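Each chain is listed here by its residues.
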Amino acid sequence: MERIYLDHAATSPLDERVLEKMIPHFSGNFGNPSSIHSFGRESRKWVDEARAQIAAEIGATEQEIIFTSGGTEADNLAIMGTALARKDLGRHIITTKIEHHAVLHTCEKLEEDGFEVTYLDVDQNGRVSANQVKEALRDDTILVTVMYGNNEVGTVQPIDEIGELLKEHQAYFHTDAVQAFGLLPIHVKNSHIDLLSVSGHKLNGPKGTGFLYASKDVKLSPLLFGGEQERKRRAGTENVPGIVGLKEAIKLSSEERDEKNEKYQSFKTIVADTLEHAGVAFEINGDKEHSLPHVLNLYFPGVSVEALLVNLDMAGVAVSSGSACTAGSVLPSHVLTAMFGDESDRLTSSIRISFGLGNTAEQVKTAAKHVADVVKRLTQ
Ligand SMILES: Cc1ncc(COP(=O)(O)O)c(C=O)c1O
């Protein structure tokens, strides 16, 4: 049985070309970048080169890139680091109800510690407006954190408008770009972004890698203490093979962005056409106009998401519900709840399909046929 992986928003395979670049840095070039001898200097050169290339990719400078262990750490450092560094300027934070848990749970922790958080509602397409941010802004707001593209439904937020709005306000603007990075062009200065989170394993890079862009004007409290790495903002010996891999993954995703966008867009059409042709009732969750190209969230009225996922897995098709699975059961998605309310059937009858490296039109068509067959079987 051919297995078809359509869950790239959860994680993506390491690109062979990335692996090739990483291998020499596990044993041959093993020096500690902080060491002053030639072994250390060699490693330092690779880390510096990666930093420079990544900075150039987003319109930043080298000192504005902080390597992290991934998106979760980048989000934590952005939010917690800002809150701790700026608590004397205010204790109010604005975010949305559809953020990743790396953002939401960090905000919840800050609420326990005496900060006040406004969680903005979204519309039925999963979008917030810059106007909602404007209305929620206060003199004591120190941070606005709104994700670039949503991991469950793919909705893209009005980042440029929010950045513009915050230009004259003391609040920093953080965006979790873990899903959008590599597919949407990002220029931090043009979009007035102060902090931006990226994860390596969503872009065919290594797991456990990522970075936080923090503008040079941003004051951050570190969360890890120890050595003086990352300009004292993130202690710990650098993951040199990981950083080299991250750099290569970012380079490739930038070179292949347009091609991928076009391909994934056509995959969305294949899925929709196949389902329509098979006479299956479905609706798309998310914003059709402002959408990540690789994420497609579908609602099948009357179908249990657990049964659908299990049957698709048995047919070799890996998709997800887009929300957390705990002890084998699927918890209702907080994103769909924010979009449709907690009574909506969509919470228990929607799946996320996400495309990526290695997927072909044939695979997508085969997978969509399996979806159609299983949905028909389950609704008979
Ligand atoms: C939007 C978003 N933010 C943050 C994360 C966390 O990233 P990581 O797995 O690198 O910690 C994810 C991963 O699913 C994500 O989709």
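In short, a report on the structure. (Residues numbered from 1 in each chain as written. Predicted model: local features only at pLDDT ≥ 70, side-chain atom pairs only at ≥ 80, totals over all residues. Heavy atoms only, no water.)

As a further point, take the sheet that holds strand 5 (residues 141–145). What the seven strands build is an open sheet, ordered 2-8-7-6-5-3-4; its pairing is mixed. Taken across any chain shown, the strands that pair with only one partner, and hence form the sheet edges, are strand 2 (65–68) and strand 4 (116–120). In this sheet, adjacent strand axes meet at a mean angle of 20° when their direction is disregarded. (Pairing = 2+ DSSP bridges. Helix = DSSP H or I, 4+ residues; strand = E, 2+ residues; numbered from the N terminus. Axes fitted to C-alpha atoms, helices over the stretch in contact; angles between N-to-C directions.)

So, on to the site of the ligand. Surveying the vicinity of the ligand reveals 13 residues, the closest of which are Gly 71, Thr 72, Asp 176, Ser 199 and Lys 202. In the environment of the ligand, an oxygen atom lies 3.3 Å from a nitrogen or oxygen atom belonging to the side chain of His 100. Note that an oxygen atom of the ligand is positioned 2.9 Å from one of the side-chain N or O atoms of Gln 179. Relative to its free-state accessible area of 400 Å², the ligand is covered by the protein chains to the extent of 86%. Ranked by residues supplied to the shell around the ligand, first place goes to helix 3 (residues 71–86) with three residues. Partitioned by chemical class, the residues of the shell around the ligand number two nonpolar, eight polar and three charged. (Near = heavy atom within 4 Å. Polar contact = N/O pair within 3.5 Å; in protein donor to acceptor, adjacent residues only side chain to side chain. Areas by Shrake-Rupley, 256 points an atom, 1.4 Å probe, with all protein chains shown as cover. Nonpolar A, V, L, I, M, F, W, Y, C, P; charged D, E, K, R; others polar.)

On to helix 9 (residues 305–314), then. Buried within helix 9 are the following residues: Val 305, Leu 308, Leu 309, Asn 311 and Leu 312. Just downstream of helix 9, Gly 316 is the residue with a positive phi angle, here 90°. (Buried < 20%, exposed > 50% of the residue type's maximum accessible area, 1.4 Å probe, protein only.)

Moving on, we get to the packing of helix 8 (residues 257–277) against helix 11 (residues 361–379). The geometry of helix 8 relative to helix 11 is characterised by a closest axis approach of 9 Å and an angle of 35° between their N-to-C directions. Between helix 8 and helix 11 lies a crossing of right-handed hand. Here Phe 267, Ile 270, Val 271, Thr 274 and Leu 275 of helix 8 come into contact with helix 11, specifically with Ala 361, Val 364, Lys 365, Ala 368, Lys 369, Val 371 and Ala 372. Among the residues making up the contact of helix 8 with helix 11, the classes are represented as nine nonpolar, one polar and two charged. (Left-handed = near helix turned anticlockwise from the far one by under 90°. Contact = heavy atoms within 4.5 Å.)

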